[in-house]
Amino acid sequence: MSAEKRSEVVAALRDRARTIRQKTIQLASQAKSSHYGGSLSCVEILVTLYFHVLKIDPRRPDWPERDRFILSKGHAAASYCPVLALRGFFPEESMLSINHLNSPFGMHIDMRKIPGVEMSTGSLGHGLSVAVGMALADRLAAKSRRVFCLLGDAELNEGSVWEAAMSASHYKLGRLCAIVDRNGCGSDGYTEEVMAIEPLEDKWRAFGWKAHRIDGHSVEALLDVFSQLPDRDGTAPTVIIADTVKGKGVSFLEKGASWHYGGLAEEDEQRALEEIRRGGN
């Protein structure tokens, strides 16, 4: 990619990230409450994947050759669903009923109701295991597509994550990429106080993974690390530890675990939208 083209891509992705943050706040307000912190922390990751990296066709959500993406931290639906809508999987207005009776859109995502969703998630610790299964199935079917899985950092307290990690390296699932949204907080507080998980790079490497650590809000860093992913199976899987800020882009939501889940008053919603509009992303 030329320097000029890269500059255009970065600018476009940053602009989309700002748009998604605005839509996240608006969607959460329609739902009356939401997981603000973890939805806002992974915006650049989702935008870079869906608007630059993933091989997908929104007109054909079940296209057999598509890359697969699993949002293991399914509570980030407030940012993930607007990304899918903006990418063209369904009309934005279909989300207006979010979190209301009979709506396909809830606090967590449902693969049977939302086009583009590969796995129903919300019960943490399951996503990477499913991703390993998908990658193994692709090997058996001689498919060359990639599988991506986005996990929360507090989710790493689940033992099933490490069972999946051990399996992925044993089977040398080189087309599997895990991304850890390292925002430092779970619902109960700071991860290093509740159940310390560092040093993360060393742990993943000990499980046989190739590990990268980057600024998860830097579009440039995300583009660079995704461009380095192996294009063949039979090698070590890759994990990207993306350092992020919970509630990123809205100053009063960047308060550790206090805004893991909650509801905004109308004046706070407008204040959040104004902060994002002025460029905080």
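Note that the coordinates shown come from a computational prediction; the quantities given were computed from them, not determined experimentally.

Conventions and cut-offs
Residues numbered from 1 in each chain as written. Predicted model: local features only at pLDDT ≥ 70, side-chain atom pairs only at ≥ 80, totals over all residues. Heavy atoms only, no water. Buried < 20%, exposed > 50% of the residue type's maximum accessible area, 1.4 Å probe, protein only. Helix = DSSP H or I, 4+ residues; strand = E, 2+ residues; numbered from the N terminus. Pairing = 2+ DSSP bridges. Right-handed = clockwise from strand over helix to strand, strands pointing away. Polar contact = N/O pair within 3.5 Å; in protein donor to acceptor, adjacent residues only side chain to side chain. Contact = heavy atoms within 4.5 Å. Salt bridge = Lys/Arg side-chain N within 4 Å of Asp/Glu carboxyl O.

We now examine the pairing of strand E3 (residues 176–182). Most of E3 is tucked away, with 7 of its 7 residues classed as buried. Alignment of strand E2 (residues 147–152) against E3, held across 6 bridges, turns out to be parallel. The partner of Gly152 across the bridge, within E3, is Asp181. Between the parallel elements E2 and E3, the chain passes through helix H6 (residues 159–170) in a crossover that is right-handed. As judged from the 6 bridges shared by E3 and strand E7 (residues 238–243), these two strands associate in the parallel manner. Its bridge partner being in E7, Cys177 is matched across the sheet by Thr238.

With that settled, consider the environment of Thr244. Within the element layout of this structure, Thr244 appears in the loop between E7 and helix H10 (266–277). A relative accessible area of 9% places Thr244 in the buried class. A polar contact of 2.5 Å, which involves the side chain of Thr244, links it to the side chain of Asp181. Of note is the side chain of Thr244, whose polar atom sits 3.3 Å from the backbone nitrogen of Asn183.

We now examine the side chain of Thr121. Relative to the assigned elements, Thr121 resides in the loop between helix H4 (77–87) and helix H5 (127–140). When its relative accessible area of 9% is taken as the criterion, Thr121 is described as buried. Looking at Thr121, its side chain comes within polar contact range of the main-chain oxygen of Leu71, at 2.6 Å. Those residues in contact with Thr121 that sit more than four places away from it in its chain are Ile70, Leu71, Ser72, Gly74, His108 and Ile109.

All right, on to the pattern of salt bridges then. Scanning the model with the defined rule gives 23 salt bridges in all. Glu198 is paired through a salt bridge with Arg182; the nearest N and O atoms lie 3.1 Å apart. Of the two residues, Glu198 is situated in the loop between helix H7 (191–194) and helix H8 (200–206) and Arg182 in strand E3; the sequence distance between them amounts to 16 residues. Arg277 is paired through a salt bridge with Glu274; the nearest N and O atoms lie 2.6 Å apart. Pair noted here: Arg277 and Glu274 are both in helix H10, with a separation of 3 residues, about one helical turn. Each of Asp153, Arg182, Glu192, Glu198, Glu201, Arg213 and Asp243 takes part in salt bridges that share partners, so that together they form one network.

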